[in-house]
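# Observations on the model geometry
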There are 2 protein chains.
Amino acid sequence: MSVNPDRPPEISPEELAEQVALYAPFTQAVRELVDATIRTTVDADTVRAAQAEVEAITARLREQQIEGSIGAHFGHGRARQPWGNTVVGVRNPVAPPVQAVREGDREGEVRAAVVLGAAYEGPPGLVHGGVSALLLDQMLGNAAAAARKPGMTAYLNTSYQRPTPLGPLRLEAWVERSEGPKTWARGRIIGPEGTTVEAEGLFVLPRWARDLLAQRSATDAPPSMFGEQG
Amino acid sequence: MSVNPDRPPEISPEELAEQVALYAPFTQAVRELVDATIRTTVDADTVRAAQAEVEAITARLREQQIEGSIGAHFGHGRARQPWGNTVVGVRNPVAPPVQAVREGDREGEVRAAVVLGAAYEGPPGLVHGGVSALLLDQMLGNAAAAARKPGMTAYLNTSYQRPTPLGPLRLEAWVERSEGPKTWARGRIIGPEGTTVEAEGLFVLPRWARDLLAQRSATDAPPSMFGEQG
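A brief report on the enclosed structure follows. (Residues numbered from 1 in each chain as written. Chains lettered and ligands numbered in written order. Predicted model: local features only at pLDDT ≥ 70, side-chain atom pairs only at ≥ 80, totals over all residues. Heavy atoms only, no water.)

## A closer look at the side chain of B:Ser69
Here is the rule we go by: Counting from the N terminus, the helices are the DSSP runs of H or I reaching at least four residues and the strands are the DSSP runs of E reaching at least two. Between buried and exposed lies partly exposed: a residue is buried under 20% and exposed over 50% of the maximum accessible area for its type, with that area taken using a 1.4 Å probe on protein chains only. Pairs of N or O atoms within 3.5 Å make up the polar contacts considered here, provided that, within protein, one atom can donate a hydrogen while the other can accept it, and that residues adjacent in sequence are counted only when both atoms are side-chain atoms. The contact rule is simple, with two residues in contact once any of their heavy atoms fall within 4.5 Å.
Note that B:Ser69 resides in the loop between α2 (44-62) and β1 (101-102). In this structure B:Ser69 comes out as buried when scored by relative accessible area, which is 11%. A distance of 2.4 Å separates a polar atom in the side chain of B:Ser69 from a polar atom in the side chain of A:Glu121. Not counting residues within four places of it along the chain, the set of residues in contact with B:Ser69 comprises A:Ala118, A:Glu121, A:Gly125 and A:Leu166.

What follows is the structure in structure tokens.
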């Protein structure tokens, strides 16, 4: 297994679009395989054959790979992409992926539609309570970033109103208030019968990121590693 | 794509062991593919070839599969396995998987060691704040179940002390107190430099599950869909 320890250079918008066109469908194919892995009832020999093939594909992909995680790679500075992000990463098969858009009248308001399948199950037929917290943490972080007040989660309080069924769901989040590097945000998950989960959280910009932002003009976008979409 | 809508029958301990021996290594292979999908830097043609092969494997696996999610399948009653669970499911490639064991002196105390890789990233090099909440929700639920007071999450308050690095982590959770169908639990994530995230939550057994439990002897195990290990 060889590892490429070099950081790729800053990439252009054209290269970025090309890479998304290559990686997004590949990641989606692996996402489908994850779903099929959970749900398949084919015979044992077919499972074993699939396993051998999957291992062979993995070996080929690992012939050249980054060390560690994606965060420190694939675009620097303004071009940095949260491609590995567990919720929004276009290169992460674990991510549904959530694609939040600016919508609504509240400060930093973001909304998303998502369909959660078998991979996100807790109790039978229901979204894992922790998955709801995971999605809301990301959405609240997105709202903070959309309001140009990005930060890392300091606390997240999640309150479950009713069970969240697997299937199509809506997510929304917005900023309640902010004070220097601190931003308070709220959000909720909406199922077919209304709100299922609500969350409230505090996001704080770490000092090193504050220094980085201070070097930029006030009209620059905040760093994309704090919850923004790629 | 054909779908098998029939519930498989209750399975014996021997069949269960056989199925785990078949599915656990297959799921682990897909988990490795997920990691390689995120980290690979092989050329575009190799990515496209891998995508075509993954799609072919998925199609074969889907020739026979359960409808929907795993929760309602694969063992009924006492034999029910949370195999699809996002955190502990042995058939879910999204699950690290966390394997919690009874350990420690506190009521319902459970502990686990886990290594989180590229798929669980939020900020560069760090565990996604929502993933920490996801793991803690499961651990607190496990503690409630281990104390024979299982329930679904009513609220989960997660507090972030310091960033959680990707890599090896320890998890622990225990029951603080309980009152009828309500159980309060606490837990934390411990990284190389100490506690990174703490959580406190309330778990409530739904009425339908209370009725189910009342039909069983007091020495029976609680239903495994509420946070217990498979």
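## A short note on the relation of the copies chain A and chain B
The relation between the two chain copies is a rotation about an axis coupled with a shift along that axis. The line we're drawing: Here the copies are superposed with least squares, the fitted atoms being C-alpha atoms of residues at a pLDDT of at least 70 in both.
Rotating chain A by 180 degrees and translating it 0.0 Å along the rotation axis places it on chain B, where the RMSD comes to 0.0 Å. Taken together, the rotation and translation describe the operation of a two-fold axis. It is A:Asn157 whose C-alpha, among those of chain A, lies nearest the rotation axis, at 2.1 Å.

## Thoughts on the sheet that holds strand β2 (residues 110-116) of chain A
Heads up, the condition is: Here the rule is simple: two strands pair whenever DSSP picks up at least two bridges between them. In this analysis, axes come from line fits to C-alpha atoms, helices being fitted only over the stretch in contact, and the angle between any two N-to-C directions falls in the range 0 to 180 degrees.
Spatially, 12 strands are ordered β1(A)-β2(A)-β4(A)-β5(A)-β6(A)-β3(A)-β3(B)-β6(B)-β5(B)-β4(B)-β2(B)-β1(B) in an open sheet, and the strand pairing comes out antiparallel. The open sheet terminates on both sides in strands that have one partner only, identified here as β1 (101-102) of chain A together with β1 of chain B. Strands in contact with helix α3 (residues 129-146) of chain A are β1, β2, β3 (152-160), β4 (167-179), β5 (182-191) and β6 (194-204) of chain A; relative to β6(A), the strand with the most contacts, it is inclined by about 55 degrees. Along the sheet, helix α3 (residues 129-146) of chain B makes contact with β1, β2 (110-116), β3 (152-160), β4 (167-179), β5 (182-191) and β6 (194-204) of chain B, crossing β6(B) at roughly 55 degrees.

## Focus: the packing of helix α1 (residues 13-39) of chain A against α2(B)
When two helices pack together, their arrangement is given by the angle between the helix axes and the distance between those axes. The cut-off we apply is this: Any angle from 65 to 115 degrees is called roughly perpendicular, while one under 35 is roughly parallel, one over 145 is roughly antiparallel, and all others are oblique. Each crossing gets its hand from how the near helix is turned against the far one by less than a right angle, where anticlockwise is left-handed and clockwise is right-handed. When residues are grouped by polarity, Ala, Val, Leu, Ile, Met, Phe, Trp, Tyr, Cys and Pro land in nonpolar, Asp, Glu, Lys and Arg in charged, and all others, Gly among them, in polar.
Where α1(A) contacts α2(B), the axes come no closer than 9 Å and their chain directions differ by 25 degrees. The pairing of α1(A) with α2(B) is recorded here as roughly parallel in orientation. The element α1(A) and its partner α2(B) pack so that their crossing is left-handed. Each of A:Leu22, A:Tyr23, A:Pro25, A:Phe26, A:Ala29, A:Val30, A:Glu32, A:Leu33, A:Asp35, A:Ala36, A:Thr37 and A:Arg39 in α1(A) lies in contact with α2(B), whose residues at this interface are B:Ala44, B:Val47, B:Arg48, B:Ala50, B:Gln51, B:Val54, B:Glu55, B:Ile57, B:Thr58, B:Leu61 and B:Arg62. For the contact of α1(A) with α2(B), the residue count by class is 14 nonpolar, three polar and six charged.

## Observations regarding the interface of chain A and chain B
Often, the extent of an interface is quoted as the loss of accessible area on bringing the components together. Short version of the rule: By definition, the buried area sums, over both parts, the 1.4 Å-probe accessible area that each loses when the two are put together. One speaks of a salt bridge when a side-chain nitrogen belonging to Lys or Arg is within 4 Å of a carboxyl oxygen belonging to Asp or Glu.
The interface of chain A with chain B comprises 80 residues on the first partner and 80 residues on the second. Here chain A packs against chain B, burying approximately 7200 Å² in sum over the two surfaces, 62% of which is carbon and sulfur. Linking chain A to chain B there are six salt bridges. In this structure, B:Glu53 engages A:Arg60 in a salt bridge whose closest nitrogen and oxygen atoms are separated by 2.6 Å. Secondary structure elements with two or more residues in the side of chain A that touches chain B: α1, α2 (44-61), α3 and β3 of chain A. Tallying contributions element by element places α1(A) first for the side of chain A that touches chain B, with 15 residues. Per-class residue counts for the side of chain A that touches chain B are 41 nonpolar, 26 polar and 13 charged. Where β3(A) lies against β3(B), five bridges are found, and the strand directions are antiparallel.

## Here's the deal with the pattern of salt bridges
Residue and element names in this part refer to chain B. For the coordinates displayed, the defined rule picks out 25 salt bridges over all chains. With a shortest N-O distance of 3.4 Å, Glu103 and Arg111 are connected by a salt bridge. Residue classification places Arg111 among the partly exposed positions, given a relative accessible area of 28%. Between Arg177 and Glu179 there is a salt bridge, and its shortest N-O distance comes to 3.3 Å. The class for Arg177 is partly exposed, based on a relative accessible area of 44%.

## Description of the packing of aromatic side chains
Cut-off, in case you're wondering: Put simply, two rings from Phe, Tyr or Trp (the six-membered ring, in Trp's case) pair if the centres are within 6.5 Å, and we call them stacked under 30 degrees between planes, edge-to-face over 60, tilted for the rest. Any Lys NZ or Arg CZ that is within 6 Å of a ring centre and within 35 degrees of that ring's normal is treated as a charge sitting over the ring.
Overall, the coordinates contain two aromatic pairs over all chains when judged by the stated rule. Geometry around A:Tyr23 places A:Arg91 over its ring, the cationic atom sitting 3.6 Å from the centre. Between the NZ or CZ atom of B:Arg106 and the centre of the ring of B:Trp174, over which it lies, the distance is 3.6 Å.

## Overview of the pairing of β4(A)
For a regular strand, the rule is simple: side chains alternate between the two faces of the sheet. Residue and element names in this part refer to chain A. Where β2 meets β4, seven bridges bridge the pair, whose relative direction is antiparallel. Residue pairing for β4: Val115 is matched across the bridge by Pro168. As judged from the nine bridges shared by β4 and β5, these two strands associate in the antiparallel manner. Note that in β5 the partner of Glu172 across the bridge is Arg188. What sits between β4 and β5 in their antiparallel hairpin is a turn of two residues, with Gly180 showing a positive phi close to 60 degrees.

## Some words on unusual backbone geometry
Residue and element names in this part refer to chain A. Residue Pro97 follows Pro96 across a cis peptide bond; omega there is -15 degrees. Along the polypeptide, Pro97 turns up in the loop between α2 and β1. At Arg148, a position not held by glycine, the phi torsion is positive, near 65 degrees. The residue Arg148 is located in the loop between α3 and β3 in this model. Take Arg148: its relative accessible area is 44%, and that puts it in the partly exposed class.

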